[in-house]
Amino acid sequence: MGRLKLLLDTNIVIDFLNERAPFYEKARLLMLCGKVGEFDLWVSSSQMIDLICVLSDGGKRSEMDDVLQRLRLLRTFVDVFPVSDREVDLMLAASWKDPENWLLVETALAIGADAVITRNRSDFPEDLIRVCDCEEFFAWQEEEYGFAYGEVEL
């Protein structure tokens, strides 16, 4: 089994970067696993713009240096897929209720992702790709492969 490719929804990245309770701990564990190379973590180029807007409270200059620094650190272990005309055209042609999430589905399919990790499972079609939250993802890993992930104090 090769490393799993996981496309992270924007809410998972924000949970991690803003330490949003009660989601932070599992998002952090996922990011740590990505950082040590256990999984390949991905976001799309369009998500990076969304993250800048959300994390800087709508583009406040006073927030921008901090936000860009945090995203630079994130980029050391999260890959970015450059959304192209192809993914945008497929999203525009779909009749899905949420174009933003459909673009993530198209991105996930383009990179050959094994799953989309999100807190909004109901916003995604599960017949095209596995969709789960962090808890469900780690439960899947334990059930399917016998891998139990967690942090230990040294």
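Residues numbered from 1 in each chain as written. Predicted model: local features only at pLDDT ≥ 70, side-chain atom pairs only at ≥ 80, totals over all residues. Heavy atoms only, no water.

A.B. asks: Tell me about the side chain of Asn101, and please be specific about residues and values.
C.D. replies: Mapping Asn101 onto the fold places it in helix 6 (residues 99-111). With residues near it in sequence (within four places) discarded, Asn101 still touches Asp9, Asp123 and Phe124. (Helix = DSSP H or I, 4+ residues; strand = E, 2+ residues; numbered from the N terminus. Contact = heavy atoms within 4.5 Å.)

A.B. asks: Describe the pattern of salt bridges, and please don't skip the residues or the numbers.
C.D. replies: A full pass over the atoms with the stated rule returns eight salt bridges. Here Asp57 ties to Lys60 by a salt bridge, and the two come within 2.7 Å at their closest N and O atoms. Here Asp57 falls in the partly exposed class, since its relative accessible area comes to 49%. With its nearest N and O atoms 3.6 Å apart, the salt bridge here joins Glu87 to Arg86. Its relative accessible area of 3% is what places Glu87 among the buried residues. If you follow the salt bridges from partner to partner, you end up with Asp15, Arg20 and Arg119 in one network. (Salt bridge = Lys/Arg side-chain N within 4 Å of Asp/Glu carboxyl O. Buried < 20%, exposed > 50% of the residue type's maximum accessible area, 1.4 Å probe, protein only.)

A.B. asks: Account for the sheet that holds strand 2 (residues 39-44), naming residues and giving values.
C.D. replies: Sheet architecture is open: five strands sit in the order 3-2-1-4-5, paired in parallel fashion. Two strands in the sheet have a free side with no partner beyond their single neighbour: strand 3 (78-81) and strand 5 (130-132). Going from strand to strand, the sheet's axes swing by 35 degrees on average, the running direction of each strand aside. Alignment of strand 2 against strand 3, held across four bridges, turns out to be parallel. When the sheet's bridge partners are listed, Trp42 is paired in strand 3 with Asp79. Sheet contacts for helix 2 (residues 24-35): strand 1 (4-8), strand 2, strand 3 and strand 4 (115-117); angle to strand 2, the most-contacted strand, approximately 110 degrees. (Pairing = 2+ DSSP bridges. Axes fitted to C-alpha atoms, helices over the stretch in contact; angles between N-to-C directions.)

A.B. asks: Tell me about the environment of Leu4, and name the residues and values.
C.D. replies: Mapped onto the secondary structure, Leu4 falls in strand 1. As for Leu4 and Asp66, which are separated by 62 residues in sequence, their C-alpha atoms are 30 Å apart. Setting aside chain neighbours within four positions, we find Leu4 in contact with Phe39, Asp40, Asp114, Phe137, Trp140 and Gln141.

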